[in-house]
Amino acid sequence: MPVLYLGHGAPPLADDERWTGELASWSAALPRPTSVLVVSAHWENDPLTLGATTTVPLTYDFRGFPRRYYEVTYPAPGAPELARAVTGLLDRPVAHDEARGLDHGAYVPLREMFPEADVPVLQVSLPSLDPRELFEVGGRLAPLREQGVLIVGSGFLTHNLSCVDMSVGPDYRPPSWSAEFDDWAGRALAAGDVDALLDFRRKAPAALLAHPRTEHLAPLFVSLGASGASEATTAVEGFWYGLSKRSVQFS
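Conventions we followed
Residues numbered from 1 in each chain as written. Predicted model: local features only at pLDDT ≥ 70, side-chain atom pairs only at ≥ 80, totals over all residues. Heavy atoms only, no water. Helix = DSSP H or I, 4+ residues; strand = E, 2+ residues; numbered from the N terminus. Rg over C-alpha atoms; globule rule 2.2 N^0.38 Å. Buried < 20%, exposed > 50% of the residue type's maximum accessible area, 1.4 Å probe, protein only. Contact = heavy atoms within 4.5 Å. Areas by Shrake-Rupley, 256 points an atom, 1.4 Å probe, with all protein chains shown as cover. Lys, Arg positive; Asp, Glu negative; His and termini not counted. Charge placed at Lys NZ, Arg CZ, Asp CG, Glu CD. Pairing = 2+ DSSP bridges. Axes fitted to C-alpha atoms, helices over the stretch in contact; angles between N-to-C directions. Parallel < 35°, antiparallel > 145°, perpendicular 65-115°, else oblique. Left-handed = near helix turned anticlockwise from the far one by under 90°. Nonpolar A, V, L, I, M, F, W, Y, C, P; charged D, E, K, R; others polar. Polar contact = N/O pair within 3.5 Å; in protein donor to acceptor, adjacent residues only side chain to side chain.

*Asks:* Could you give me a rundown of the overall build of the protein, with the residues and numbers involved?
*Replies:* Scanning the protein for helices and strands turns up nine helices and 10 strands. Taken against the 2.2 N^0.38 rule, which gives 18 Å for 251 residues, the C-alpha radius of gyration of the protein at 17 Å falls within 12% of a compact globule. Considered along the principal axes of its C-alpha atoms, the protein spans approximately 45 × 45 × 35 Å. Burial status across the protein gives 55% buried among its 251 residues. A sequence separation of at least 24 residues applies to 81% of the contacts in the protein between residues at least 6 apart. Accessible area for the protein stands at about 10500 Å²; split by element, carbon and sulfur atoms hold 51% of it. Averaged over its 20 positive side-chain charges, the protein has a centre that lies 2 Å from the centre of its 31 negative ones.

*Asks:* Before we move on, can you summarise the pairing of strand E10 (residues 247–250) with the specific residues and values?
*Replies:* Where strand E1 (residues 3–7) meets E10, three bridges bridge the pair, whose relative direction is antiparallel. Directly across from Val3, in E10, lies its bridge partner Phe250. Pairing geometry for strand E7 (residues 232–236) and E10, over four bridges, is antiparallel. Along E10, the bridge assignment pairs Ala232 with Phe250.

*Asks:* Give a description of helix H9 (residues 218–226) that names residues and reports values.
*Replies:* At 3.6 residues per turn, the α-helix brings residues three or four places apart onto the same side. The buried fraction of H9 is high, at nine of nine residues. For H9, the set of buried residues is Ala218, Pro219, Leu220, Phe221, Val222, Ser223, Leu224, Gly225 and Ala226. The first or second residue beyond H9 is Gly228, which carries a positive phi of 75°.

*Asks:* Account for the packing of helix H4 (residues 131–141) against H9, naming residues and giving values.
*Replies:* For any two helices packed against each other, one specifies the crossing angle of their axes together with the interaxial distance. At a closest axis distance of 6 Å, the pairing of H4 and H9 adopts a crossing angle of 40°. When the axis of H4 is compared with that of H9, the two are oblique. The handedness of the crossing between H4 and H9 comes out as right-handed. Between H4 and H9, the contacting residues are Pro131, Leu134, Phe135, Gly138, Gly139 and Leu141 on the first element and Ala218, Phe221, Val222, Leu224, Gly225 and Ala226 on the second. Along the lines of polarity and charge, the residues of the contact of H4 with H9 split into nine nonpolar, three polar and no charged.

*Asks:* I'd like a rundown of helix H3 (residues 104–113), residues and numbers included.
*Replies:* Counted residue by residue, H3 has nine buried out of 10 residues, so it is predominantly covered. Those residues of H3 that sit buried are His104, Gly105, Ala106, Tyr107, Val108, Pro109, Leu110, Glu112 and Met113. One side-chain oxygen at the N-terminal end of H3 lies 2.9 Å from the backbone nitrogen of Gly105; it belongs to Asp103.

*Asks:* Pulling in residues and values, what's your account of the side chain of Arg100?
*Replies:* Its location among the elements puts Arg100 in the loop between strand E4 (95–96) and H3. The buried category is assigned to Arg100, whose relative accessible area is 13%. There is a polar contact of 3.3 Å between the side chain of Arg100 and the side chain of Asp103. With residues up to four places along the chain from it excluded, the contact list for Arg100 reads His42, Trp43, Gly51, Ala52, Val56, Thr59 and Gln123.

From the geometry alone we can't say anything about function, so treat these as descriptive.
Below you can see the structure in the form of structure tokens.
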């Protein structure tokens with residue numbers, strides 16, 4: 001299976017017909033996975049923790065949105081066998097939280113990619129924000145690809161909400177810091193320049209503006225490790241409220 005890193009945005013991004021269409025087209029071109037292993041920007045927990053392995057209510061990890069966003073459902077099957085495989089592959093303590101449902105970094109894109117909710121899904125936490133540690137975690141998980149598991153890192157390639165103007169439409173011209181970081185990252189991903197990506201704080205333009213805190217880039221490093229540091233192909237590009245929604249596939 002390939003490995004993905006995708007931009008999930010806030011829950012209202014699911015109202016964007018262009019984005020939902022891009023995700024649907026992307027998933028249609030993928031081999032059908034036996035299950036999905038997803039790491040989201042919205043769950044940090046050390047030790048690394050596995051979410052529910054049965055179907056439980058979603059985690060609505062946001063506030064201030066209209067009620068309809070809290071009524072979304074995505075009853076994907078759990079993946080207990082995948083949970084056992086993940087535990088066996090990792091050389092670290094692994095915790096379990098059977099009450100934790102998928103958060104919006106997982107279910108928002110998966111509802112568009114696998115709308116029938118018929119593919120088992122397991123979410124794992126980010127045990128750290130350290131790029132090299134996450135790259136190593138991804139490398140440990142790489143054998144799952146041979147079992148048909150789709151490994152998905154879900155974040156946003158630029159993420160600075162303090163600089164987002166929600167009073168205007170989502171398609172306004174991105175600020176220079178977001179455009180410059182997106183361009184740099186796109187070129188580094190296409191070239192397979194893992195060293196530069198892992199050292200993005202020093203190598204990338206406008207890194208501190210693009211990511212004042214790095215949780216939305218962190219899932220990329222898991223995907224990089226799981227991919228075997230292969231080159232990436234861009235599947236979705238463009239900006240949403242000035243933030244880069246570039247999403248890539250590692251073959």
